[in-house]
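This is what each chain is made of:
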Amino acid sequence: MRSTLESARLPPRVQHILERVLTLMSDDLARRLERMLADYEEQLFRHAEQARNPTQQTVHFETLRSVRVNRSDLIPRFLHELERSLSGIRRPAVKAAEAPHPVAGFGHLRLVEDEVVTEAGALRAMSVRHEARCSLPLLLLGQRFGVLAGSPAIEAEYLPVGPQQLSRIVAEASHVLQISQEARLELFHSFDTHVLGGYAHLVEALNGLLAQEGVLPNLSYVPLRTRPVNPVAAAASAQRAPAGQRAATPPAPALQRPHTGWLGDEDAGDGKDEDGVTFPLLQELLAGRSDLIGKLRPEVSPPLRQQMSPTDVQAALEAQQSLSRTPRPGPTGLSDLRQTLLAHGRRKYGEAITLSQEDSDAIELLGMLYAELARDVRRESSSSSLLERLQVPLLRVALQDHGFFARTHHPARQLLNAVAESGASWLADDERDPVLEDHLKRAVDHVVEHYRGDPSVFAAANQPLQDHLHAMARKAEVSERRHIEAARGKEKLEVSKRRAKEVLNQLIGPRVLPRFTHALLDQAWTDVLTLTLLRNGEDSEAWQRQQEDTRSIIAATCDGVAAPKGLEQRVMQGLGLVGYHGEEAALIAGRLCASGAQSSEDPGSRTELAMKLKARARLGEQAQNDKAPLPPRDEAEEACFQQVSQLPFGTWFEFVTNQQGDVVRRRLAWFSSITGHVLFVNQRGQRVDEQTLDSLARMMAKNQARVVTATRGRLIDRAWQATLSALRNFAHPARNAEVSK
């Protein structure tokens, strides 16, 4: 029997709400699934054209034929499974039984081929990534669906409309296509791009629908807003305070959340509108600023003039916008644009004219925002000219929709941010992306040519750009992940090397070895122990045998005990694994397995062997410059060290590059709490720097490196906060407190 909402025997109100949810999701997902299938067919056709041999081409064409024959069944099957998922909302979720996993040691670690990657692993990685990006909206949606289910809040993993459930549904529905596992994995990638790529907007729409239906309509998440605390000043003031006052002093508030998103991405929890910042309030702040500036000037009463109507303002701006479609020079700033509007009014009305207070304030706000953006955009970049071309359309939007200044998800604001960030001053010279610049130019051209007062033009121009930015973010994540795996491999090697040295020192104990024999053990044989431990682990038979051989070597050298039979051959084999071959391995094995009397012979051969060892690179050794030991960290540096040790992976830093204060952004991809190594990548996910936690803490204490907070992550938010701060400086204290809430 087909499971539907009608047959689920749900309460009428719950059934009605879920039917509206299903309708909303069906309209959105059906459209996205159509785009997914069209793109998937194009990919299969390209693969067939680029196939290296006829066999591969035949496979791709056969897959394409099967998809075209059965594609009409996928969307109905998907929507049916979605309805069945919603109809079971009041059935208890059953967790899959998890088999006990053995404790993984070094012997269980291995590289995995691409063929070993399962569908479940690919789907889970895909859905977990989108859960992280939409964690806050999913938290609110889980609360609301818990009300519909008559249960506590539903976790994202079991949410009927969550990313994991949608991934399971597409996996089930894709069976109708009758394609191979490799082709299914490629289909899932298209699903990730075209369907889950817009999941953030879908979950916001679902929250809005449920709130409209009265399901927790006032539910919201208000994070604790605290002012950023300088750990250096806090630590210093704590030390200067008397002992009695230190105990009574309350703990310092937590630091602001760091920015972890890529270009075009938004951190979980970001994207909320400016709470309490309305256009009338902004007008009051501007009035206070004008009053204060007016006190510094001679008091002259402005003449009463006729105000330019909003229709005439838009007509004048449209005429100016048509001029900016060609590379003709025009107004280069908002103040010049204001004068152009007034000149247009004088020509039409035949007398001096003025703008309405609302229009004048909107122009002034946009001008202040542009001025703050200009501080962080390189003038020689292509973004600078694109920002100038966007001035007229953005001003028309700001005059029509004052929500542009407060809505972070406003399409015009998103486009403005993307254009500005592509030329941000914190990007290195080698991070210029011509493909991104081409997408930006096309988006700006589309807005300039087609905007006639319809805000959907910005959304249409912004969508392909955002898709490209999300694709760039995914590529950067893949590149970053590769560098992280390489860094973790180095960490495992370093841990194994430390453990090998520790075991060797324990086996030697209080014995005094000959100097040359000790050098052979400390260099060549330690590399053998390290590789054995890294490959097999401490519980392996190979590691136990190497320890026994080490005991035999030490006994033969110190106590004159004859080496066991076959020891020299085993030592040669071990040395061969770490790069010693032929005569060199035989000489070292002979020295290690010889008795004390034999090892003191032939000083010439010993000197030659010592020179070879000195010139040879050791296992995992990299070229390093010998640096003088640094002094212990002071209080400020220790406070920064504790702060950076608790930062999440993915935190962005700004590093000062010169005395002029220019900065460059780098992403803290990974750090090791064992070795202290820190890996930094750039906007493309490419490794650019490796430091240590200690050196990073010392740079932070000197203000040569600083954490980028979430409120200052996006350039548009950074500029808008600076604009508000400038207005607050002129505000009345009561109004200042209201805006700061």
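Residues numbered from 1 in each chain as written. Predicted model: local features only at pLDDT ≥ 70, side-chain atom pairs only at ≥ 80, totals over all residues. Heavy atoms only, no water.

Engineer: What should I look at first to understand the sheet that holds strand 7 (residues 705-707) in this one?
Structural biologist: The pairing of strands in a sheet happens through backbone hydrogen bonds and is either parallel or antiparallel. Spatial ordering of the open sheet is given by 6-5-4-3-7, a layout of 5 strands whose pairing is antiparallel. The sheet terminates laterally at strand 6 (687-692) and strand 7, the two strands that pair on one side only. Direction aside, neighbouring strands of the sheet carry axes that sit 35° apart on average. Here strand 5 (residues 677-681) pairs with strand 6 via 5 bridges, running antiparallel. Looking at strand 6, one finds that L679 is bridged to E690. Running at roughly 55° to strand 4 (residues 663-671), helix 17 (residues 456-508) makes contact with strand 4, strand 5 and strand 6 of the sheet. In the packing of helix 25 (residues 693-701) onto the sheet, the strands contacted are strand 3 (651-656), strand 4, strand 5, strand 6 and strand 7, and the crossing angle to strand 6 comes to about 90°. (Pairing = 2+ DSSP bridges. Helix = DSSP H or I, 4+ residues; strand = E, 2+ residues; numbered from the N terminus. Axes fitted to C-alpha atoms, helices over the stretch in contact; angles between N-to-C directions. Contact = heavy atoms within 4.5 Å.)

Engineer: Sorry if this is basic, but what is going on with the packing of helix 17 against helix 19 (residues 541-559) here?
Structural biologist: Relative orientation of the contacting elements helix 17 and helix 19 amounts to 40°, with a least axis distance of 10 Å. As judged from the angle between their axes, helix 17 and helix 19 are oblique. For the element pair helix 17 and helix 19, the recorded crossing hand is right-handed. Mapping the contact onto sequence places V503, L504, L507 and I508 in helix 17 and W543, Q547, T550, R551 and I554 in helix 19. Tallied by class, the residues present in the contact of helix 17 with helix 19 amount to 6 nonpolar, 2 polar and 1 charged. (Parallel < 35°, antiparallel > 145°, perpendicular 65-115°, else oblique. Left-handed = near helix turned anticlockwise from the far one by under 90°. Nonpolar A, V, L, I, M, F, W, Y, C, P; charged D, E, K, R; others polar.)

Engineer: Would you take a moment to explain the pattern of salt bridges for this structure?
Structural biologist: For side chains bearing opposite charge, pairing can occur when the charged atoms are close. For the coordinates displayed, the defined rule picks out 39 salt bridges. With a shortest N-O distance of 2.9 Å, R71 and E34 are connected by a salt bridge. Taken as a pair, R71 in helix 2 (residues 54-87) and E34 in helix 1 (residues 12-49) lie far apart in primary sequence, 37 residues in all. For R71, a relative accessible area of 21% translates into the label partly exposed. For E34, a relative accessible area of 41% translates into the label partly exposed. E41 is the salt-bridge partner of R68, the closest N and O atoms lying 3.7 Å from each other. Pair noted here: R68 is in helix 2 and E41 is in helix 1, with a separation of 27 residues, a long-range link. Connected through shared salt-bridge partners, D376, E654, R665, R706 and R718 make up one network. (Salt bridge = Lys/Arg side-chain N within 4 Å of Asp/Glu carboxyl O. Buried < 20%, exposed > 50% of the residue type's maximum accessible area, 1.4 Å probe, protein only.)

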